[in-house]
Structure formats: C-alpha cells, structure tokens
Amino acid sequence: MVFRLFNKLRAEKQAEGDERLDLELEHLRLAAGVGFVGDLTQEEIWWRDHFLWLEDVGYQLRSRYAPGWVPSWQGTDKDWFSCEDSFWLPTAQVISAIRAFDGAHVILKRIQPSLHPHEIEISRFVASEPLRSQGENHCVEVLDVLDVPNEPDEAILVLPLLRAFNDPPFETLGEIVDFVIQVCEGLQFMHRHSIAHRDCMNLNIMMDPSRMFPEPYHPCNPNKRFDMKGPVKFLSRTESSPRYLFIDFGISRRYDSLERVPLEPPILGGYKNVPEFQLSLEPQNPFPTDVWYLGYALQKELLNVYRGLEFLEPLVSHMVQSDPATRPTMDEVVSRFTPTYNALSPWTLRSRAVQKREWILVGLLRSLVHWVRTLRYIWRRLPAIPSRVM
C-alpha cells in the first residue's frame, strides 16, 4: 500500500516535471522566434544562407545549416536535445566549421568592419612575421579573412577552435602560475607593440586545446567527442603545456607611437565596473585600463576561486587600484611576478589547486589521487610549471 502510494506520487511528480519542462521549452521557442524547439534562430539563418558559398571557399558548416535541413529527430522517438544537429553556439556571431583542405576544426567569426574598423588590421598585424613566431605573442592567430560576396560591410575571420581557459579546472598551483605568466607576458607583448586590448576580461582569454585534447570535441558541447557518442578524453595541463591566448580585438586600438599618451573615450567591455569610467566620461589612457581588466580577471577567476594563492594577492591588488596613475605597467607586473614565482618551492607548485567551495571528503579523495599522479609526473621529469623546461 505504501509503495503503491509512493509510486503514484512519484509518477504525478514526474508528470508535473515533464509538463513544466514542456512549458519552459515552449517559452524558449517563443522567445527565440523559431518554429519548433531546436529550430534555427533568426541569427542562424544568415549562416544557412551562406552555407553553399562557404563550402565553395573551403569551409564546411555542420548539417544543421545546410539548405533544406531536416532535423534528425523529426519522425523519431529521439529527444531533440540528444541529437548532434540540435546544438548551436550561444552567440550566432560565431559558428564552427571544418576546413576542407586539412580537416581542421575552426571558428568563423562574422564582423562588420564599419563597427569594428581595427579588428582585421590588428589581427593581421599580430599574426605577421616576425611577431607570429615570438613566444611572448599570446594573441589568437587569424587563419584567414573572407570577404562576403555582395555584402560590403560583412567579413568573416577564420580562427582556430579554442576552449575556455579554465575548462577543465586547474589541477596544481604550478598550472595556475603558468597561466598567470602567459597572460601577463601576452598583455605585455601587446603593450610593447602599442596595442591596447581594451576588453581583456575572462571571456576574452582562452586556451589552445590542440595539445591537451588529442581527439576533437564538439564545439557546442566541449565535454563530448565531436560525434557526441561519449565523453572527450584529455591530458592534464602538466602533461600537455597548453598555450593561453587573447581573443576579440573588436574595440582594440594600435598606435603608431607612444611618445604622447593616447586618450580614448570610455567604452564598456565585459566588465562594467572599471573605476575610471564610473565618475567621468573624459577620454582615458587605455593601457592602465588594460592592467585593471587583467588584474580584475585574475582576482575574479583565481583568487576568489582557489586556495593557496596568497603569493599572488599583492600584485593583483596593485593592478586593480582605483586610480589608474597608481597601477603598474605590464613591464612592472612581469618584473614583479617573476621573482615571486621563482621563490615558490617545487612542492608548492605541485600542490593541488583546491577550490574554496570544495567539500572536505571530496578533497581528501582528490588529494590522494593527485599525489599518486604527481609522483608519476616527477618520475617522467615533467616541470611543475608546464611551459618551463626543467
């Protein structure tokens, strides 16, 4: 009797849940302005309309964007959200593709040169020699620029497929140090070549996954294989030494000379709380603002997330000073951080990166697995800071 009642209540609860899910999906469909759940959004239609042209110039979009596409789940008992062709990227400004001549997975980014007149020029500049070959260059490399036929204010940047810099999470303090080294020297590199990024927030710092992920993953579901038939396998950062890259030069500026302090009107990027933009609309030097952006990203994504990073706090605190005049330059940031991480012992660098919200029992289990793995790394002579050769 009790079990029958329990099963009845559970069935009613599941039915209520299914009904609620159906209602939420219907709201999502109406908000997106599509004919059915999983259908192309209005923004995606532009890519469908250019599918054949992109195929002609050597870039294959997913089947979802083919003219006359019929969803693979229609007429079947499949759940739409389990099918590969139901997925799309969060912003229709970018889309994934496969480059025909070598099978490389790439990202196509649609831009309007009239709105972002410097993006193509800066992207080409940092991808040209001799800058392209310099190790300090952590700018994403533009692989191609496509002019869209009959649309003079439309262009497409072809970029490598990248991944969020913190996905998967860092495993050791040495991996975190490696990330900080690379992004600091990357922004220093841009500043030395008179480029102000102006929006170097966390979402514009990404990771080149080519070494870490031997097999391709799905761009819309990075934890799955490209065929969506299982989880993607990957190496640790200590094993693969990934590179971290700055992306999105849409509001960046490059100057011919820094003999005079450049001044730019305030423009809000990803972080809306830039101190110098809160009280004044007067033009500002964008280089100290870059320093604040990067410092705030390190504070938000590292210091607020992981334990054991006290050695990084004084530098980050200096970078996010409210007064731009009191912030260090990127040359000073790099020169200060170098002796800081050099003073850390190998065992500190190999220590596990513990998240502040981690449960104690989960932490104990992870620590055991971590030190077994660490002993293997030591035996293989892998450096504690992945990009630094022993």
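Residues numbered from 1 in each chain as written. Predicted model: local features only at pLDDT ≥ 70, side-chain atom pairs only at ≥ 80, totals over all residues. Heavy atoms only, no water.

Quick look at the sheet that holds strand β8 (residues 205–208)
Here we have three strands laid out as an open sheet, ordered β6-β8-β11, and antiparallel in their pairing. Strands at the two margins of the open sheet, each flanked by one partner only, are β6 (163–164) and β11 (243–246). For β6 and β8, the ladder comprises two bridges, and the chain directions are antiparallel. Residue pairing for β8: Arg163 is matched across the bridge by Met207. Strands in contact with helix α5 (residues 173–192) are β8 and β11; relative to β11, the strand with the most contacts, it is inclined by about 40 degrees. (Pairing = 2+ DSSP bridges. Helix = DSSP H or I, 4+ residues; strand = E, 2+ residues; numbered from the N terminus. Contact = heavy atoms within 4.5 Å. Axes fitted to C-alpha atoms, helices over the stretch in contact; angles between N-to-C directions.)

Some details on a nonpolar patch on the surface
Nonpolar side chains collect at one region of the surface, where Trp347, Trp371, Leu375 and Ile378 lie side by side and expose about 410 Å² of accessible area between them. Here the element with the most residues in the nonpolar patch is helix α11 (residues 360–379); it accounts for three residues. With respect to the helices and strands, Ile378 occurs in helix α11. Residue classification places Ile378 among the partly exposed positions, given a relative accessible area of 34%. (Patch = residues over 30% accessible without salt bridge, like charges linked within 9 Å, V, L, I, M, F, W, Y side chains within 5 Å. Areas by Shrake-Rupley, 256 points an atom, 1.4 Å probe, with all protein chains shown as cover. Salt bridge = Lys/Arg side-chain N within 4 Å of Asp/Glu carboxyl O. Buried < 20%, exposed > 50% of the residue type's maximum accessible area, 1.4 Å probe, protein only.)

Structural notes on the side chain of Arg237
With respect to the helices and strands, the residue Arg237 is situated in helix α6 (residues 237–240). Despite its burial, Arg237 pairs with no opposite charge; the closest candidate is Glu175, at 4.5 Å N-O. Within the structure, the side chain of Arg237 is placed 2.7 Å from the backbone oxygen of Phe165, a separation counted as a polar contact. Polar contacts involving the side chain of Arg237 include one to the main-chain carbonyl oxygen of Pro168, which spans 2.8 Å. Apart from the residues lying within four places of it in its own chain, the contact partners of Arg237 are Phe165, Asn166, Asp167, Pro168, Pro169, Phe170, Glu175, Met207, Met212, Pro242, Tyr244 and Pro386. (Lys, Arg positive; Asp, Glu negative; His and termini not counted. Polar contact = N/O pair within 3.5 Å; in protein donor to acceptor, adjacent residues only side chain to side chain.)

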